[in-house]
Amino acid sequence: MLQALQTFLGSYISDVRLQAVVIVVLSFILAKIVDVICGRAIRSLTGRTRSDVDDKVIDVLHKPIFRTVALLGVMLALSVLGSETDMVAVGRRVIITLIILIWLFAALRLARTLITATSENKQSRMVQKATVPLFDIAAKVIIFALGSYLILISWDINISGWLASAGIVGLGIGLAAQDTFANLFAGLSILADSPYKIGDFIVLDGTERGRVTRIGLRSTRVLTNDMIEITIPNSIIANSKIVNESGGPTVKQRLRIPIGVAYGVALDDVERALLAVAAGEEMLAMHPAPSVHFAGFGDSALDFELRCWITTPDKREQIVNRINRSLYEQLNASGIEIPFPKRDIYIKEMPNAS
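Residues numbered from 1 in each chain as written. Predicted model: local features only at pLDDT ≥ 70, side-chain atom pairs only at ≥ 80, totals over all residues. Heavy atoms only, no water.

Asks: Before we go on, may I ask you to explain the sheet that holds strand β3 (residues 219-223) in this structure?
Replies: Strand pairing in a sheet relies on backbone hydrogen bonds. The paired strands run either parallel or antiparallel. On the basis of which strands lie adjacent, the open sheet formed by five strands has the order β4-β3-β2-β1-β5 and antiparallel pairing. Across the chains shown, the open sheet's two edge strands, defined by having one partner strand only, are β4 (229-233) and β5 (242-244). Sheet twist, expressed as the average angle between the axes of neighbouring strands with direction ignored, equals 40°. Note: strand β2 (residues 208-215) against β3, four bridges, orientation antiparallel. Looking at β3, one finds that V212 is bridged to V222. (Pairing = 2+ DSSP bridges. Helix = DSSP H or I, 4+ residues; strand = E, 2+ residues; numbered from the N terminus. Axes fitted to C-alpha atoms, helices over the stretch in contact; angles between N-to-C directions.)

Asks: Which parts of the structure should I look at to understand the packing of aromatic side chains?
Replies: How two aromatic rings sit relative to each other is given by the distance of their centres and the angle of their planes. For the structure on display, the rule yields three aromatic pairs. On the basis of an interplanar angle of 70° and a centroid distance of 5.4 Å, the ring pair of F294 and F297 is categorised as edge-to-face. The class of F294 is partly exposed, set by a relative accessible area of 31%. Consider the rings of F294 and F304, whose centres lie 4.9 Å apart with planes at 20°: the pair is stacked. Remark: F304 occurs in strand β9 (residues 302-310) and F294 occurs in strand β8 (residues 291-297); sequence separation between them is 10 residues. Among the aromatic side chains, those forming a connected cluster through ring pairs are F294, F297 and F304. (Phe/Tyr/Trp six-rings, centres within 6.5 Å; stacked < 30°, edge-to-face > 60°. Buried < 20%, exposed > 50% of the residue type's maximum accessible area, 1.4 Å probe, protein only.)

Asks: Just checking my understanding: could you explain helix α5 (residues 132-154) for this structure?
Replies: One full turn of an α-helix is made of 3.6 residues, so residues set three or four places apart face in the same direction. Across its 23 residues, α5 extends 33 Å between first and last C-alpha, which sits within 8% of the 33 Å expected from 1.5 Å per residue. Turning to α5, its buried residues number three or more, namely D136, A139, I143, G147, I151, L152 and S154. One or two positions beyond α5, positive phi appears at D156, with a value near 55°. (Expected span 1.5 Å × (residues − 1).)

Asks: Which parts of the structure should I look at to understand the pattern of salt bridges?
Replies: Side chains that differ in sign of charge can pair as their charged atoms come close. Applying the stated criterion to the full structure yields eight salt bridges. In this structure, the salt-bridge partner of D200 is K197, at a minimum N-O distance of 3.2 Å. According to the relative accessible area criterion, D200 is buried, its value standing at 5%. With a shortest N-O distance of 3.1 Å, R322 and E281 are connected by a salt bridge. You can see R322 sitting in helix α10 (residues 316-333) and its partner E281 sitting in the loop between α9 (267-279) and β7 (284-285), a full 41 residues away along the chain. One network of salt bridges, with partners in common, ties together R256, E305 and R307. (Salt bridge = Lys/Arg side-chain N within 4 Å of Asp/Glu carboxyl O.)

Asks: Would you explain the packing of helix α3 (residues 53-81) against helix α4 (residues 86-119) in this entry?
Replies: When two helices pack together, their arrangement is given by the angle between the helix axes and by the axis-to-axis distance. Put simply, α3 and α4 touch, their axes get as near as 10 Å, and they point 175° apart. On the basis of their axis angle, the class for α3 and α4 is roughly antiparallel. Looking at the contact of α3 with α4 residue by residue, the class counts come to 22 nonpolar, four polar and five charged. (Parallel < 35°, antiparallel > 145°, perpendicular 65-115°, else oblique. Nonpolar A, V, L, I, M, F, W, Y, C, P; charged D, E, K, R; others polar.)

Asks: Sorry if this is basic, but what is going on with the nonpolar core here?
Replies: One broad rule of soluble globular proteins: the nonpolar side chains tend to lie buried together. V261, L274, L284, F304, L306, I323 and L327 are the most contacted members of the largest nonpolar core, which totals 21 residues. Where this core is concerned, the elements lending two or more residues are β6 (253-261), α9, β9 and α10. The contact partners of L274, leaving out residues within four places of it in the chain, are I259, V292, F304, L306 and L327. One finds Y196, I202, L217 and I237 within the second-largest nonpolar core, a separate group that totals 12 residues. (Core = buried A, V, L, I, M, F, W, Y, C linked by side-chain atoms within 4.5 Å. Contact = heavy atoms within 4.5 Å.)

So, in structure tokens, the structure goes:
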């Protein structure tokens, strides 16, 4: 191609330096034409979409395209001047380096644009506002590493020793910060899987219970009913059984309150008394309606369950306390005995008085 171009220009221009100037001018014209054509063609397609992300991508890419085509023309002009001189070889490498730098900074802007757009998408689980800095730093590290590698390759620099040293350093850092990396990857899995969100009430392994106030990359913060904030490393949460009391199709939660009454009591009387307590508790939800379940026959009592619904998990302990107090008062007022274990002692023989 270069020989054909030289032959074509040589038939009109005998001076090699003038040929190089013509090539440079033509390359800038071609760069502008390519930029305009690509810009209009792509914008005509992206104009049909609702999102403005594609428009931002075009804004990022049109200048690198123009500059790359122009620099390729300059490199072609250098080849016309001569292919064997050291100055021409250095000039080529400088141009290649400039092209790599142009696309390196374009890639940084493009990555930042895509990460920001993804974080603003409500359907995105992984890239959220809390994880934007992480993905931004990761993108910068990868892009700079790739750009540096390409620049060193363009200058024929052997980087095998550097790669080996970087591998050893990376291994040392990984061993020293293994707990940090464990929490980091656990945090990413939590954000991707979304077992809970900020504002949910969770229980970890049946011990810690509270409202989630913050989900970070290293830890999750939970505010208990005692107004104590607990910071739990994500690696512990990832290996724990999580009960999300705010999960499911509704925030309502069913309470099961056990109560025992003495044998011989009319079952209908017990049911009416328990439902009267539920009806008088304003903090309970009436839909679904409260119900009474006859659980079975205990050693000393007939076992019942009052099943009712609450509208928010954070009032659970308060509501259970109020219902238990009301149950005790209602059953006493209705003359229904709440039994307790009793033992009869039989004396077979009285000891002889000495």
